[in-house]
Amino acid sequence: MSLTLSVDGARWRAHLRALAHATPGLVPVAKGNGYGFTIGRLARRTQWLLEQGFGTDTLAVGTYDELPPVAKRFHGDLLVLTPWRPFGAALEVDPALDDRVIHTVSRASDLEDLLERQPDARFVLERVTSMLRHGLSARELWSTAPIVAGHRSARLEGIALHLPLAQGSHLGEVTRLVNDVVAAGLDTTTVWVSHLTPGELADLRAAYPDFTIRPRIGTDLWLGDRAALRVTSTVLDAHPVERGDVFGYRGRTAPKSGHILVVSGGTAHGIGLEAPTGDSTIRARAATLARGGLDAVGFVRSPFSIDGKQRLFAEPPHMQASMLFLPHGPRVPEIGEEIDVRVRFTATAFDRVRVD
Ligand SMILES: *Cc1c(COP(=O)(O)O)cnc(C)c1O
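All values reported here derive from a predicted model rather than from experimental measurement.

A. Quick peek at the overall build of the protein. Within the protein, the secondary structure is distributed over nine helices and 18 strands. Counting only C-alpha atoms, the protein reaches 80 × 45 × 40 Å along its principal axes. Across the 356 residues that make up the protein, the buried fraction comes to 51%. Considering only contacts in the protein between residues 6 or more positions apart, those separated by 24 or more positions represent 67%. Taken as two groups, the 40 positive and 40 negative side-chain charges of the protein have centres that lie 5 Å from each other.

B. Local environment of the sheet that holds strand S9 (residues 212-217). Taking strand neighbours across the sheet as the criterion, the eight strands line up as S2-S9-S8-S7-S6-S5-S4-S3 in an open arrangement whose pairing is parallel. The open sheet has two free edges, formed respectively by strand S2 (27-28) and strand S3 (58-61), since each of these has just one partner strand. Two strands pair when backbone bridges link them, and strand S6 (residues 122-127) and strand S7 (residues 155-162) are joined in this way by six bridges, in the parallel orientation. Residue pairing in the sheet places Glu126 in a bridge with Ala160 of S7.

C. Geometry of the site of the ligand. Val29, Lys31, Tyr35, Leu81, Arg133, His162, Ser194, His195, Arg216, Ile217, Gly218 and Thr219 make up every residue found near the ligand. Separating a nitrogen atom of the ligand from a side-chain N or O atom of Ser194 is a distance of 2.7 Å. Residue Thr219 places a side-chain N or O atom 2.7 Å away from an oxygen atom belonging to the ligand. In the complex, the protein chains occlude 88% of the 390 Å² of accessible area that the ligand would expose alone.

D. Broad picture of the packing of helix H4 (residues 108-117) against helix H5 (residues 138-149). Close contact between H4 and H5 brings their axes to 10 Å; oriented N to C, the two are set at 10 degrees. By the angle between their directions, the pair H4 and H5 is classed as roughly parallel. Of the residues in H5, those touching H4 at Ala108, Leu111, Glu112 and Leu115 are Ser143, Thr144, Ile147 and Val148. By residue class, the composition of the contact of H4 with H5 is five nonpolar, two polar and one charged.

E. Structural detail: the domain arrangement of the protein. Split into domains, the protein comes out as domain 1 (9-224) and domain 2 (227-355). Look at where the C-alpha atoms of domain 1 and domain 2 centre, and you get two points 41 Å apart. With eleven residues of domain 1 at the interface, the matching set in domain 2 holds ten residues. Taking both partners together, domain 1 and domain 2 bury about 880 Å²; carbon and sulfur atoms supply 70% of that area. At the junction of domain 1 and domain 2, the tally comes to zero salt bridges. Where domain 1 touches domain 2, the interface holds four residue pairs in polar contact (both at pLDDT 80 or more). Of the residues that constitute the side of domain 1 that touches domain 2, the class distribution is five nonpolar, three polar and three charged.

F. Expanded view of the nonpolar core. Ranked by size, the top nonpolar core spans 94 residues in total, and within it Phe37, Phe123 and Leu125 carry the most contacts. It is helix H6 (residues 171-184) that contributes the most residues to this core, six residues altogether. Shared between two domains, this core holds at least three residues of each, these being domain 1 (9-224) and domain 2 (227-355). Leaving out residues up to four positions away in the same chain, Phe37 has contacts with Leu5, Val7, Trp12, Leu42, Trp222, Leu223, Leu229 and Val353. One finds Val241, Phe247, Ile260 and Leu312 within the second-largest nonpolar core, a separate group that totals eleven residues.

G. Representation of the environment of Asn33 in the model. Note on placement: Asn33 falls in the loop between S2 and helix H2 (39-51). Taking the C-alpha atoms as reference points, Asn33 and Val343, 310 residues apart in sequence, are found 13 Å from one another. Beyond its immediate stretch of four places on either side in the chain, Asn33 contacts Thr38, Phe345, Thr346, Ala347 and Thr348. A distance of 3.5 Å separates the side chain of Asn33 from the backbone oxygen of Thr346, its partner in a polar contact.

H. Broad picture of the environment of Lys31. Turning to its location among the elements, Lys31 is positioned in the loop between S2 and H2. For the pair Lys31 and Gly62, spaced 31 residues apart in the sequence, the C-alpha separation amounts to 4.9 Å. Each residue touching Lys31, except ones within four places of it in the same chain, is listed here: Ile39, Val61, Gly62, Glu66 and Leu81.

I. Summary view of the side chain of Arg45. Structurally, Arg45 can be placed in helix H2. Although Arg45 lies buried, it forms no salt bridge, and the closest oppositely charged side chain, Glu51, sits 8.9 Å away as judged by the N-O distance. In this structure Arg45 touches Trp12, Arg13, Leu16 and Trp222, once residues within four positions along its chain are discounted.

About the criteria used
- Residues numbered from 1 in each chain as written.
- Predicted model: local features only at pLDDT ≥ 70, side-chain atom pairs only at ≥ 80, totals over all residues.
- Heavy atoms only, no water.
- Helix = DSSP H or I, 4+ residues; strand = E, 2+ residues; numbered from the N terminus.
- Buried < 20%, exposed > 50% of the residue type's maximum accessible area, 1.4 Å probe, protein only.
- Contact = heavy atoms within 4.5 Å.
- Lys, Arg positive; Asp, Glu negative; His and termini not counted.
- Charge placed at Lys NZ, Arg CZ, Asp CG, Glu CD.
- Pairing = 2+ DSSP bridges.
- Near = heavy atom within 4 Å.
- Polar contact = N/O pair within 3.5 Å; in protein donor to acceptor, adjacent residues only side chain to side chain.
- Areas by Shrake-Rupley, 256 points an atom, 1.4 Å probe, with all protein chains shown as cover.
- Axes fitted to C-alpha atoms, helices over the stretch in contact; angles between N-to-C directions.
- Parallel < 35°, antiparallel > 145°, perpendicular 65-115°, else oblique.
- Nonpolar A, V, L, I, M, F, W, Y, C, P; charged D, E, K, R; others polar.
- Domains from an automatic or database assignment.
- Buried area = accessible area lost by both parts, 1.4 Å probe.
- Salt bridge = Lys/Arg side-chain N within 4 Å of Asp/Glu carboxyl O.
- Core = buried A, V, L, I, M, F, W, Y, C linked by side-chain atoms within 4.5 Å.

Written out as structure tokens, the structure reads:
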């Protein structure tokens, strides 16, 4: 009845351990929908890695609002990736967490403001990268050094760099940015980085042996071994139709005989329309029309597949279910059968996560 994420637990845990082993200083990231697993589950897994000696003493969350669900399942430090601002959720952190939370500071004025409110705050200074999301310029980074020095109890935990997803090597940019950190004269040798490959991390550690590098990793950790994960939907109904039969919210007619399948999983789960099938050149569309292809009558590819073949939506997905059109010919699945679904894990709300 459910859209389910099934996890081969032994295989998944083996991957987590292998990645943690290969990545000294690893900072797991648990944010959003928890990469499909929920952030609470990822927090417990990070605690499990920590207890096995993998050194995952810090967990990163995306937002201040994500702190409460992870703080009770993971007992180490909590890095908040959204920069601190003098308003909103950043000012509502449970004081019991003050000693565990590491803020990200991306503006010099915010640093002054934060330290005025909490003189012993723990924080990282974010240096802007070519991604241009948040962060201090080299000049602004220099301007923070006297502010930090002027607050004796302030706890600077390092410099944060959020790099774009790899398009060639990041090393030139990272080297330039780390040199800015050295030039700024800040009293830290810890650099928190995102999206460096294992090779780039090794080169960075070799180039700056005095620095501690803390790679923040989400996708490659939690979703790095896709073969450990399977997403399924349940077939809830199968209605035989003849050409011309009416179905759906919009009173569409079946273009040929087959079945309307109703399967679990819809817009509420994040199931969306896929790109139109195939190639959309005029010649390709003419060929599809000549073959009588269903995409030619406006059916759109769905992420659901049956017996290894991706099937077409009979109409756009509904809230909790989707209607598919299965033309006459292939096997009609049984009611209750589970079929595969291709999803974006970071944008899918599963009804169930089953770890075996
Ligand atoms: C989400 C995020 C990460 C982790 O990204 P993945 O691609 O999931 O590994 C790292 N750093 C920052 C700042 C992020 O927002």
